Amino acid sequence: MLKPKTKRTVSLAIALVFLFTVIAPMGAFAADNDYTKYSSTYNYITADDGQKAGTATVKNDSSETVSNDVYAIQIKLSLPDGVEFTDKPVASGNYAWDKFVSGASKYNFVKSYSNSITIKDVAGAAADWNAGTSVTFDFTDTFTLDVDSDFTGNLDATIEVWGLTAKDEIAWSESDTVTIAKVGGDSDVMVSAKSPKIVSKGSAKKGAEIKVYETKPGTLNDGKKEYVVYDILTSGVTFDQNAIKDKSSIQAASFGGVDYNNDLAYNSDNDQLRLEVNNNSKIFPGDIVFTPYFKVDPKVSGDVKIRVSSEQKDGEKYKSNSTISKTTVTVATVGDAKAKIDELEDNDTVAYSGQITELDVSMKIETEDGNDFKDGDMMTFELNKGKFVKADKLNIDNNNCELELYDNEKAFYVSFNDKAGSDFTVDNFYIQLDNDTEPGDITLTISGDYGDLDEATIGVAAAPFTLKADKTPIMTEALNQAAGDITVNEVADGALQEGSVLVFEIPSGIELNGKPKLDVVSGNFDGDITVIDDSMIALEVTDESSDPSEFNITNINYDTGRLALNGDVEVKAYIIDPDVLDNESDGDYDGTSISDMIDEYDDTGVIATVANATCGSDDLVTATFKVGDEGVAVLNGRTLVQVNTLCDVLGLQKSWDEATKTAYFVQNGKVVAFPMGENAVYINGTKIAVDQGGKIIDNYTYASLRGIQMAFGGELEWDDATKTATFNFNK
């Protein structure tokens, strides 16, 4: 009997549901009062329900002591008119306030309305407000916002802080507003820009990224000869064509389907760029992101502004259209840069998916003009992938700078007091990468009160191994069948860290029969194999390699049940790093077995998959039908095959009714009718509408593969590159 899968398998199965989220760029806002510092992150959203905004933080950033008569601190966050919580915070339950507010462990819930929440610290604990404590309200996940359709512009939340006496009298109060979202209303195409860059005079000056993005698919282009037009409105500033080309500064979202023509058109003054839009987005909204590069004349000062609009080509002339409302954004301010990366050393450490890695990188930041950082100012550092762990090891060499993690350890900020000086160095970065982390540079985006600095590369993400296997045929409902060996190639020495566990997960409906073996082909890797629930091969690394190793998992035998799916047996491979479990617990991880580790691990990503068997039955037929071959055609995007060919290949019985022009197929008592020219099939007399039914072509009767699949089952795949349909069918 096949045993149920573990919790890990269930999680992975759920993860196969395709989820897609378009994440808008985040910005930052900060303001200061006497005792408190207010800051936020924001997201670009539309005027709709269930919108994910950013975060709002209030923090005591003063060296002054709260007066002795203050007995408690009370904080209230209010949303503007036209904006409400999708589900307001409550005292407890699914929408408990403490899932929304972090850093408030000593606070109590006071009350909430549809657009506000008030919390208050435990009586007598107000002295904590002197210790640099902070409270963050998080709108990025569970607590989303409903935004009225006529709301546009900045979505500013108001934070009020009161120092209360023992009699609940107000000793002092402060308040400010912070931006947690930018709302584009109900426009089909929106324009936004990141925080302006600070640039000096000269050529190849980089401005802030401009994003033109759809709020629903199919808006840009839509069959028109459409152009996105960027006009520089600041006199003395022109586009730097060479820099734009060299930096490949224009990108389109590959998932959206929107693309652009590489032949960019500039006017004679080089202050206008016209970009031709190709294709329509189909399923998901598309976007075009442009990072402008300028030439700035010596006399220019102030803001650099760009107007974004759209045009349509009519013959040889261009005319304005309404796809993009004319929008002006500020992309740069001409002046001296306030801060820069002075030194960036040893930033090439490779961090491997599924594991924690210490990056050797060291980064020194200093003010551009040599002046000291200002008291109360802040700089933020945001990771593009992974998160920071072992926070106690993250080091800053300046005792007058405070470093704190936020955004679920994906970012940190550095704030300054009046003795911070003009520079600081950060090092000892420990990065945790999920199993499904995409390879590429690990970067920090640096912004805040000292401008947007260039992205800093602090390491490189990579998969620690590659997989290959030979596929052997196996049968359903059979025991002890040999599968192909799985070959693992480490990409570098030590890529699989000692103590980590490499897990190979077998798909549902199939179980392991016996214990596989480890065969090291090259290198000095070593490990122990354990079989978990007959559904997983767990390879614990006992000896980390000093040379890149190649090894095989051999002696893999499968038992297949009736629920085993026909086709390739895809084995999923991922890594469990015990250090991750250490980091998630209050102390050292105390799990006693690999099975415990698998149960407790919550990373559902996969590093690689490999097929080492193909499951089928004696009656399974795999047939291919290539467009252009005799008896194969395509109509309305569906593959049609001559009826005689279908019956011969798939083993179906057939008959033909000349009077009604209907082809009949019979299998195991099921009768399916294809009336020629009607977009329907009849299964045992029941009509089912299809987008392409039977058809007479050149006096031959044709039926659609999709209709056959609907009626009799099977697996149908389409290879668009070769225009070939592959049909796995049980006779």
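Just above, that's the structure.
What counts and what doesn't
- Residues numbered from 1 in each chain as written.
- Predicted model: local features only at pLDDT ≥ 70, side-chain atom pairs only at ≥ 80, totals over all residues.
- Heavy atoms only, no water.
- Core = buried A, V, L, I, M, F, W, Y, C linked by side-chain atoms within 4.5 Å.
- Buried < 20%, exposed > 50% of the residue type's maximum accessible area, 1.4 Å probe, protein only.
- Helix = DSSP H or I, 4+ residues; strand = E, 2+ residues; numbered from the N terminus.
- Polar contact = N/O pair within 3.5 Å; in protein donor to acceptor, adjacent residues only side chain to side chain.
- Contact = heavy atoms within 4.5 Å.
- Arc of directions from axis to C-beta.
- Pairing = 2+ DSSP bridges.
- Axes fitted to C-alpha atoms, helices over the stretch in contact; angles between N-to-C directions.
- 1 Å grid on protein atoms, 1.4 Å probe; cavity = no way out; pocket = protein on both sides within 12 Å on 5 of 7 lines; lining within 4 Å.
- Points joined across faces, edges and corners; volume = space filled by probe spheres on them.
- Nonpolar A, V, L, I, M, F, W, Y, C, P; charged D, E, K, R; others polar.

Comments concerning the nonpolar core
Judged by nonpolar contacts, the single largest core of 37 residues is most densely connected at Ile75, Phe139, Leu145, Leu155 and Ile180. If one sorts the elements of this core by residue count, strand β12 (residues 170-183) sits on top with five residues. Ranked by size, the runner-up nonpolar core spans 36 residues in total, among them Ala208, Val212, Phe290 and Val334.

Notes on the side chain of Asn435
One can find Asn435 in the loop between β36 (423-432) and β37 (440-448). From its side chain, Asn435 meets the backbone nitrogen of Ile575 in a polar contact 2.8 Å long. Beyond its immediate sequence surroundings of up to four residues, Asn435 is in contact with Ser353, Gly354, Tyr574, Ile575, Tyr601, Asp603, Gly605, Val606 and Ile607.

Here's the deal with helix α5 (residues 643-650)
Those residues of α5 that fall on the buried side of the exposure criterion are Val643, Leu646, Cys647 and Leu650. Projection of α5 onto a plane perpendicular to its axis shows the buried side chains occupying an angular sector of 95 degrees, all on one side. The positive-phi residue at the C-terminal boundary of α5 is Gly651, with phi of around 75 degrees.

Side note on the sheet that holds strand β23 (residues 287-290)
If you trace the four strands from one edge of the open sheet to the other, you get β13-β16-β23-β19, paired in antiparallel fashion. Two strands close off the open sheet at either side, each with one partner strand: β13 (189-193) and β19 (250-252). Adjacent strand axes in the sheet meet at a mean angle of 15 degrees when their direction is disregarded. With four bridges connecting them, strand β16 (residues 210-214) and β23 associate as antiparallel partners. Looking at the pairing, Lys211 lines up with Val289 of β23.

Considerations on the pairing of strand β50 (residues 567-576)
Taking burial as the measure, the ten residues of β50 include eight buried ones, the bulk of the element. Note that strand β43 (residues 501-505) and β50 share five bridges and pair antiparallel. Note on β50: the bridge partner recorded for Leu502 is Ile575. In the sheet, β50 pairs with strand β51 (residues 608-616) via six bridges, with the strands oriented antiparallel. Bridge pairing links Glu570 to Ala611 in β51.

Let's talk about the sheet that holds strand β18 (residues 237-239)
Strands sit in the order β15-β24-β18 across an open sheet of three strands; the sheet is antiparallel. Every other strand in the sheet has two partners, leaving β15 (202-206) and β18 as the edge strands with one partner each. The average angle at which neighbouring strand axes cross in this sheet is 35 degrees, direction not considered. Looking at chain direction, β15 and strand β24 (residues 293-296) are connected through three bridges and run antiparallel. Counterpart to Lys205 in the pairing with β24 is Phe294.

As for unusual backbone geometry
One non-glycine residue, Asn279, adopts positive backbone phi at about 70 degrees. Relative to the assigned elements, Asn279 resides in the loop between β22 (272-278) and β23. Despite not being glycine, Asn480 shows a phi value in the positive range, around 50 degrees. Within the secondary structure, Asn480 is located in strand β41 (residues 478-482). We classify Asn480 as partly exposed; its relative accessible area is 47%.

A closer look at the environment of Ala166
Tracing the backbone shows Ala166 in the loop between β11 (153-164) and β12. Along the sequence, Ala166 and Ala72 sit 94 residues apart, while their C-alpha atoms lie 7.3 Å from each other. Residues within four places of Ala166 in sequence aside, it is in contact with Asp69 and Tyr71.

With respect to the layout of surface pockets
Considered as a void within the structure, the second largest pocket measures approximately 410 Å³ in volume. Looking at the second largest pocket, it is lined by 24 residues, and the ones nearest its centre are Tyr44, Val191, Ser192, Thr327 and Val329. Among the secondary structure elements, those contributing two or more residues to the lining of the second largest pocket are β2 (36-45), β11, β12, β13 and β27 (327-334). By residue number, the principal contributor to the lining of the second largest pocket is β13, which donates five residues. For the lining of the second largest pocket, the per-class residue count stands at eleven nonpolar, ten polar and three charged.

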